[in-house]
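Listed below are the residues making up each chain.
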Amino acid sequence: MSAVKEFTIRWGMVIDIDKCTGCGACMVACQTENNIAPQPEASNKLRSLNWMLIYELNNKKSYPDHDMAYLPRPCQQCGNPPCVSVCPVIATDKNEEGGIVSQIYPRCIGCRYCVAACPYHVRYFGWFDPVFPEGMTKVLTPHTSVRPRGVVEKCTFCHHRWNYAKEKAIFDGKNPKDLPEDAYIPACVEGCPSGAMTFGDLNNPKHKVYELSRSKNAFRLLEKLHTQTQVYYMSRREWVRKQGDNYLANDKVIGGANHAHG
């Protein structure tokens, strides 16, 4: 696996699982912002397509010790993305400042190597053309293209919002490479009613995610794979942190203070 590429700006997300209520507002915000067609039957795995998905976790204990949590899962924006190295046509890449893994739909040939390589299952192949309910095509957002069948798609941290934030900074005579807190946030973070999601530059000490990602309760999914993701999770509950990295029964939990911060 190739080395992690360094960027001056590294956009990232910290999700406080202890605050997440599993309401699904982030999923709805994502689908609306990115023109993802609604499906009449969400349990149909062949047709359902979600750039943001919420998993239900539990500690596998009976009442009164039973406990549960919800884990929202966008693209983890790996620092060392397995999906990039397997793409034969460079339809997905990680070269732009900011460290967001791109997805260029017109280049995609639908081979689905990236789908197989992603350990987080965040990539979706469109088997069918999107079908929107009557009248809904009039309210599609102009920010994101509608993808045809035959290509792979995924979360891009609402990349178009970053472009707009940079344009606004330039118009206001400010430095587009030093955006203030919340000048650019994805739709899912904006729509979260419980404040469980925080977004910003992981390299910028002036942004909240800088400190949050270094919390002793912070962890990343499947950290043992060394994918160096730019999405962090937080929980005070040890069983939640264990499930985030598939720990075995007698494994020792690696806390946030000890995990590699790349």
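Description of the structure in this document.

## Looking at the nonpolar core
Stage number 1. In this structure, Trp-11, Met-13, Phe-157, Tyr-184, Met-197, Phe-199 and Tyr-233 are the most contacted members of the largest nonpolar core, which totals 54 residues.
Stage number 2. Those residues in contact with Tyr-184, other than ones at most four positions away along the chain, are Trp-11, Ile-100, Thr-156, Phe-157, Cys-158, His-159, Arg-161, Trp-162, Ala-165, Leu-179 and Phe-199.
Stage number 3. Leu-202, Ala-218, Tyr-232 and Met-234 belong to the second-largest nonpolar core, a separate cluster that totals six residues.

## Remarks on helix H1 (residues 25-33)
Stage number 1. Taken together, the buried positions of H1 are Cys-26, Met-27, Ala-29, Cys-30 and Glu-33. End-on view of H1: buried residues confined to an arc of 165°, all on one side of the axis.
Stage number 2. For H1, the secondary structure elements touched by its buried residues are strand S2 (53-58), strand S3 (68-73), helix H4 (159-171), helix H5 (187-191) and strand S6 (197-201).
Stage number 3. A positive backbone phi angle near 55° is found at Asn-35, which sits one or two residues after H1.

## Description of H4
Stage number 1. In a regular helix each residue adds 1.5 Å, so 13 residues correspond to 18 Å; H4 covers 19 Å between its end C-alpha atoms and thus fits that length.
Stage number 2. Those residues of H4 lying buried are His-159, His-160, Arg-161, Trp-162, Ala-165 and Ala-169.
Stage number 3. Tucked into the core, H4 has its buried residues touching strand S1 (11-16), H1 and H5.
Stage number 4. Trailing H4 by a residue or two, Gly-173 shows a phi angle of about 75°, which is positive.

## Overview of the pairing of strand S8 (residues 231-234)
Stage number 1. Of the two faces of S8, the one lined by Val-231 and Tyr-233 and the one lined by Tyr-232 and Met-234 are each fully buried.
Stage number 2. Of the strand pairs in this sheet, S1 and S8 are connected by four bridges, and their pairing is parallel. The residue of S8 that forms the bridge with Val-14 is Tyr-232.
Stage number 3. Sheet topology note: the strand S7 (residues 218-219)/S8 ladder contains two bridges and is antiparallel. Residue Phe-219 lies in a different strand from S8, and its bridge partner there is Tyr-233.

The rules behind each value
- Along each chain, residue indices are assigned from 1 in the same order as the chain's sequence is written.
- In view of the model being predicted, local features appear only for residues whose pLDDT reaches at least 70, and side-chain atom pairs are presented and counted only at 80 or more, with totals across whole chains, interfaces and linings using the full set of residues.
- With hydrogens and water stripped out, all remaining heavy atoms of the structure feed into the side-chain values.
- To define a nonpolar core, start from buried Ala, Val, Leu, Ile, Met, Phe, Trp, Tyr and Cys residues and group those joined through side-chain atoms within 4.5 Å.
- Think of it in three bands: residues with accessible area under 20% of the maximum for their type are buried, residues over 50% are exposed, and the middle band is partly exposed, with areas taken using a 1.4 Å probe on protein chains only.
- Two residues qualify as a contact provided that any one of their heavy atoms is within 4.5 Å of a heavy atom in the partner residue.
- Elements are defined by DSSP. Helices are runs of H or I of four residues or more, strands are runs of E of two residues or more, and each kind is numbered from the N terminus.
- The arc in question is formed by the directions pointing from the helix axis toward the C-beta atoms.
- Expected span of a helix, by definition, is 1.5 Å for each gap between consecutive residues, and there is one gap fewer than residues.
- Following DSSP output, two strands are said to pair if at least two bridges run between them.

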